[in-house]
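# Residue-level structural notes
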Amino acid sequence: MTPWSAGPTPRYRPRADRPPRVNLAPRFRPRAAVLVTVLLLSAPAVARGQADTLLVDVILATTSQHVVVEAVLTTPDSTLLLPARDVAALLGLDAPPTAWTTVAELRRRFPPIEVAWYPRELRVVVDDPLGVLPATRRLTEQRQRQARGTSYVSRSGPFFSVVADDRGESLTDVGYAYRGRFAVTGRHSSTLGAAWAVSLAPTPAVFVSYAGGDRSPPTASARVAYKGAWVFTTWTPAAWSTDALIQVGRLSFFGSSRNAFAVTINAAPVGVQLGRTGQRTTARVTWGPLMPSPFSVPVVP
Amino acid sequence: MIARPGIFVRSPAGLRWWPAFLLAAGLWATLATVLLGQVPSTVDLRNGRVASTIIRNPSPVETLTVAVELRERFVAGGRVTVGRAIDALVSPARFTLAPGEVQTVRLRLREPVAPGTVLGLVTTFAPASVDAAAPGSDTAPVARLVLVTRLITKVVVR
């Protein structure tokens, strides 16, 4: 057991107490000997990476995902070496051939992304505003699938709006929303009469709604978006339809009960789409930042 | 005896010590301000998980070198003692803090520790100026007093 006061103390030694330098032999070089000794003694520790090993939190800001990795801060250039496998898994990249990567290497591979290293906070923040990283792209596509076929009000509380024009016509909306999970709305139009709707989203993957009104038929819809699959069904007394989408990496398959199909390959900046509607087959090739939507079939108007 | 008018005559005798009392209170408040907030008093740590804490240099003028280590902690008779160093990754274990700077420190155990164990996070603050030669020390002996502060806070293993 060691008293609490024991432990490392400041290395202070007045110069006056140090022994004077004496040349013991013509070929003996004290500085070189000390340097070699220090290097030999410190070699095992450097090899183990203990002295400079840091627990760094790598954060992908666009997805809010993060991972704490054992990084190495090299001396004296203070280059931060990050374990490439962990970083690649976070960013959605393939397994890297090297064991380590650096902040500069990430910036070089993906120029649009911003990588910031905060040594005082032991954080590396990766921002991908253009969505060039696979992890960001996957999250964006997932959000697109979840938003498709839904109406979402993120805030809770009642809402109300009135629209009027100089003809004397008016439109009134009133309703209540709860955290995006439940909403009920009522609408009265001086031209179309009254209408109402209720929607329920118990989880982000499921959305169900039902609507009716004085001059509109009752309509029900349901949407399920889970991982790479998306299914949307609508029903009215006269007809029903179902759209479905399956995304596997850059490849998307879209099908509709309205006799429409599409295959989309989005490999930015190139996008290829092949679709069929009724008796017509259409192909589409795009280049640039705007990729074709996998939810639509290409048409030539 | 002629009593001269004045506060020392009219006031109770105990009030004569108010300057010393105020000085002691001020020193205590200053010391508490300096020590409190440097290191959180308790850190929760789980086996195999990473715990984070922060260490601050409260000094407005002095740069400090900080050494952090994780040790066994014992309390006997109101006295805190520390034992052997625990095999853990302390990140970073040594660093320098400019006045007012804050450093995040992360801990990860490398050996199994029974849940409920209270370890000691030993944080040693020393002025960074001790590494520099004292002025005039190359020509004459120079005596220098160096104040080293060591805080032992709790790390509770969950």
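All of these numbers come straight from a predicted model, not from anything done at the bench.

Next up on the list: the sheet that holds strand E7 (residues 102–109) of chain B. All names here are of chain B. Reading across the sheet, the three strands line up as E2-E7-E5 and stay open at both edges, with antiparallel pairing between neighbours. In the strand order of this sheet, the two ends are held by strand E2 (50–56) and strand E5 (88–91), each with one partner. Ignoring strand direction, the axes of neighbouring strands in this sheet form an average angle of 20°. Bridge count between E2 and E7: seven bridges; the pairing is antiparallel. Note that in E7 the partner of Ile-55 across the bridge is Gln-103.

With that out of the way, let us pick up the nonpolar core. Counting 24 residues, the largest nonpolar core has Val-66, Leu-70 and Leu-107 of chain B as its most contacted members. Going through the elements one at a time, strand E1 (42–45), E2, strand E3 (64–76), E5, E7 and strand E8 (118–127) of chain B are the ones with two or more residues in this core. Apart from residues lying up to four places away in sequence, Leu-70 of chain B is in contact with Ala-85, Ile-86, Ala-88, Val-90, Leu-107, Leu-119, Leu-121 and Val-155 of chain B. Counting residues in hydrophobic clusters, the runner-up holds 19 residues, among them Leu-81, Leu-82, Leu-90 and Val-124 of chain A.

This next bit is on the sheet that holds strand E4 (residues 100–102) of chain A. Residue and element names in this part refer to chain A. With respect to topology, six strands assemble into an open sheet ordered E4-E3-E2-E1-E6-E5, the strand pairing being mixed. With partners counted over all chains shown, the strands left at the sheet margins are E4 and strand E5 (114–118), one partner each. The sheet shows a mean angle of 35° between the axes of neighbouring strands, direction not considered. Relative to strand E3 (residues 80–83), strand E2 (residues 65–73) is paired through two bridges, and the arrangement is antiparallel. What sits directly across from Leu-73, in E3, is Leu-80. Contacting strand E1 (53–60), E2, E3, E4 and strand E6 (123–127), helix H2 (residues 84–91) runs over the sheet at an angle of about 65° to E3.

Residues and elements named next belong to chain A. Taken together, the six bridges between strand E10 (residues 193–200) and strand E11 (residues 206–213) define a ladder with antiparallel strand orientation. Of the residues in E11, the one forming a bridge with Ala-195 is Gly-213. Count of turn residues in the E10/E11 antiparallel hairpin: five residues. With six bridges joining them, E11 and strand E12 (residues 219–226) adopt antiparallel strand pairing.

Attention now moves to unusual backbone geometry. Ser-91 of chain B connects to Pro-92 of chain B through a cis peptide bond whose omega is -10°. Along the polypeptide, Pro-92 of chain B turns up in the loop between E5 and strand E6 (94–97). Notably, Ser-64 of chain A is not glycine yet its phi reads approximately 65°, a positive angle. As for its placement among the helices and strands, Ser-64 of chain A is situated in the loop between E1 and E2. Look at Ser-64 of chain A and you get exposed, because 8 C-beta atoms sit within 10 Å. Of note in this structure, Asn-259 of chain A is not a glycine but carries a positive phi near 65°.

Direction of pairing for E5 of chain B relative to E7 of chain B: antiparallel, over a ladder of four bridges. Its bridge partner lying in E7 of chain B, Val-90 of chain B is registered against Leu-107 of chain B.

Conventions and cut-offs
- Along each chain, the written sequence defines residue order, and numbers are assigned to residues from 1.
- Written order determines the labels here, with chains lettered from A and ligands numbered from 1.
- Only residues with pLDDT of at least 70 are given local features in this predicted model, and only at 80 or more are side-chain atom pairs given and counted; all residues enter the totals for whole chains, interfaces and linings.
- Note on pairing: DSSP must find at least two bridges between two strands before they are called paired.
- Working definition: helices are DSSP H or I runs of at least four residues, strands are E runs of at least two. Numbering for both runs from the N terminus.
- Between N-to-C directions, angles cover 0 to 180 degrees, with each direction set by a line fitted to C-alpha atoms, over the stretch in contact for helices.
- Here, a nonpolar core denotes buried Ala, Val, Leu, Ile, Met, Phe, Trp, Tyr and Cys residues that are linked to one another through C-beta atoms within 7 Å.
- Counts of 20 or more other C-beta atoms within 10 Å of a residue's own C-beta define buried residues, counts of 12 or fewer define exposed ones, and intermediate counts define partly exposed ones; C-beta atoms are placed from the backbone.
- Any residue pair is listed as a contact if its two C-beta atoms, each placed from the backbone, are within 7 Å.

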